[in-house]
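Chains, contacts and geometry: an overview
The primary structure of each chain is shown beneath.
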Amino acid sequence: MTSENSEFGTDAADGADDFHATLHSLRVWDSPLPGFDTGAAPDEPLPLFREWLVHAARAGQLEPHTMSLATVDGAGRPDVRTLMLHDADARGWHFASHVTSAKGVQLAARPEAALGFYWPTVARQIRIRGRVTACGPEESRADLAVRSRGALAAALTGRQSEVLDSAEDLVRASEQAWERAGAEPDAPAPTWTRYVLDADEVEFFQGDAARRHIRLRYSRTAEGSWVRELLWP
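Treat the numbers as computed from the prediction; the structure is a model and nothing was measured. (Residues numbered from 1 in each chain as written. Predicted model: local features only at pLDDT ≥ 70, side-chain atom pairs only at ≥ 80, totals over all residues. Heavy atoms only, no water.)

**Things to note about the packing of aromatic side chains**
Here is the rule: Between 30 and 60 degrees the pair is tilted, below 30 it is stacked and above 60 it is edge-to-face, where a pair is any two Phe, Tyr or Trp rings, Trp via its six-membered ring, whose centres lie within 6.5 Å. Helical segments are the DSSP runs of H or I of at least four residues, strand segments are the runs of E of at least two, and each set is numbered from the N terminus. Throughout this description, buried means an accessible area under 20% of the type-specific maximum (1.4 Å probe, protein chains only), exposed means over 50%, and partly exposed covers the range between.
Overall, the coordinates contain nine aromatic pairs when judged by the stated rule. Summarising the aromatic geometry, the rings of F204 and Y218 are spaced 5.7 Å apart at their centres and angled 75 degrees between planes, so their arrangement reads as edge-to-face. Note that F204 is positioned in strand β7 (residues 192–206) and Y218 in strand β8 (residues 214–220), a separation of 14 residues in sequence. Across the pair, Y218 and F204 agree in class, each one buried. Ring centres of Y218 and W226 lie 6.4 Å apart, and the angle between their planes is 80 degrees; on these two criteria the pair is classed as edge-to-face. The burial state of Y218 is the same as that of W226; both residues are buried.

**Structural notes on the pairing of strand β9 (residues 226–231)**
Rules: We call two strands paired when DSSP finds no fewer than two bridges between them.
Two elements, β8 and β9, share six bridges in a ladder whose sense is antiparallel. Residue pairing for β9: R215 is matched across the bridge by L231. As consecutive antiparallel partners, β8 and β9 are separated by five residues, and within that stretch G224 has a phi angle of approximately 100 degrees, a positive value.

**Some remarks on the pairing of strand β2 (residues 78–84)**
Across seven bridges, the pairing between strand β1 (residues 66–72) and β2 is antiparallel. The partner of V72 across the bridge, within β2, is P78.

**A closer look at unusual backbone geometry**
Phi at R159 is positive, roughly 60 degrees, even though this residue is not glycine. Of note in the backbone geometry, R211 takes a positive phi value of approximately 65 degrees without being a glycine. Mapped onto the fold, R211 is located in the loop between β7 and β8. A residue is classified by how much of its surface remains accessible, and R211, at 48% relative accessible area, is partly exposed.

**A look at the side chain of S97**
Let me state the cut-off plainly: Any N or O atom pair separated by 3.5 Å or less is treated as a polar contact, with the protein-specific requirement of one donor-capable and one acceptor-capable atom, and with residues adjacent in sequence counted only for side-chain atom pairs. We call two residues in contact whenever any of their non-hydrogen atoms come within 4.5 Å of each other.
Mapped onto the elements, S97 comes out in strand β4 (residues 92–98). Within polar-contact distance, the side chain of S97 engages the side chain of Q160 at 3.0 Å. Beyond its immediate sequence surroundings of up to four residues, S97 is in contact with K103, Q160, T191, W192, T193 and Y195.

**Re the nonpolar core**
Let me state the cut-off plainly: We call a set of buried Ala, Val, Leu, Ile, Met, Phe, Trp, Tyr and Cys residues a nonpolar core when their side-chain atoms join them within 4.5 Å.
Counting residues in hydrophobic clusters, the biggest one holds 32 residues, and the most contacted among them are F49, W93 and F117. Among the elements of the structure, α2 (45–58), β1, β4, β5 (112–119), β6 (124–134), β7 and β8 are those that each provide at least two residues to this core. A per-element tally of this core places α2 first, with six residues. Beyond its immediate stretch of four places on either side in the chain, F49 contacts L85, A88, W93, F117, W119, I126 and F204.

**What to know about the pattern of salt bridges**
We count it as follows: We define a salt bridge as a side-chain nitrogen of Lys or Arg found within 4 Å of a carboxyl oxygen belonging to Asp or Glu.
Evaluation of the coordinates by the stated rule reveals 12 salt bridges. Taking the shortest distance from any N to any O, the salt bridge between R217 and E229 comes out at 2.9 Å. One end of the pair, R217, is in strand β8; the other, E229, is in strand β9, and 12 residues separate them in sequence.

**A closer look at helix α5 (residues 149–157)**
Working note: α-helix, 3.6 residues per turn, so residues spaced by three or four point in the same direction. The set of residues buried in α5 consists of A151, L152, A153, A155, L156 and T157. Packed against the buried residues of α5 are β4, α4 (137–145), α6 (167–183) and β7. The first or second residue beyond α5 is G158, which carries a positive phi of 60 degrees.

Any link to function would need more than the numbers given here.
Written out as structure tokens, the structure is:
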């Protein structure tokens, strides 16, 4: 017993050493970085967001449409996960999930959230905060209709965030959902819901190798116009 514990302790120590050695060896932004002329930034954040996302994609950033979504649960504890952006227009930033999922329940109780985009290829981040609205059944159904068979199958599998008794249960449910999605491409997924975050604050961050990072924040006034401010990095 003592020998086994000793061996395990040695392995754990080696693992910790590897972790810290790797962590402290990591570097960021080794390639040339784009500039950010804040004086030429538009009066509203949406055009700049669209410009930056397209630029990140063309620069080779993988999955630039993925983002972090932060919500708060009933006990006031923050929660975060990664999901895909479905659109960004005059209404706000669009995403979708099951209304019965953890995020859906949290947004129903407290319809405010934050989004975070990070594109390390170009050393850019975008942070967005605002109020979230759940779209109606027709728009939510249309959201799913334009997506892939796999997306429909996942939506039909449902039960997101519930406890899974076994991996076999997931395989069976998923196989049935894939079969139905192929045979019935317009199959309804009643809990699938499209959400729109109406931003009241959007911050654009451009990294700088000398750590003189550029941060431009848009804040919406009570009248609906936007105020732009530079922030210390």
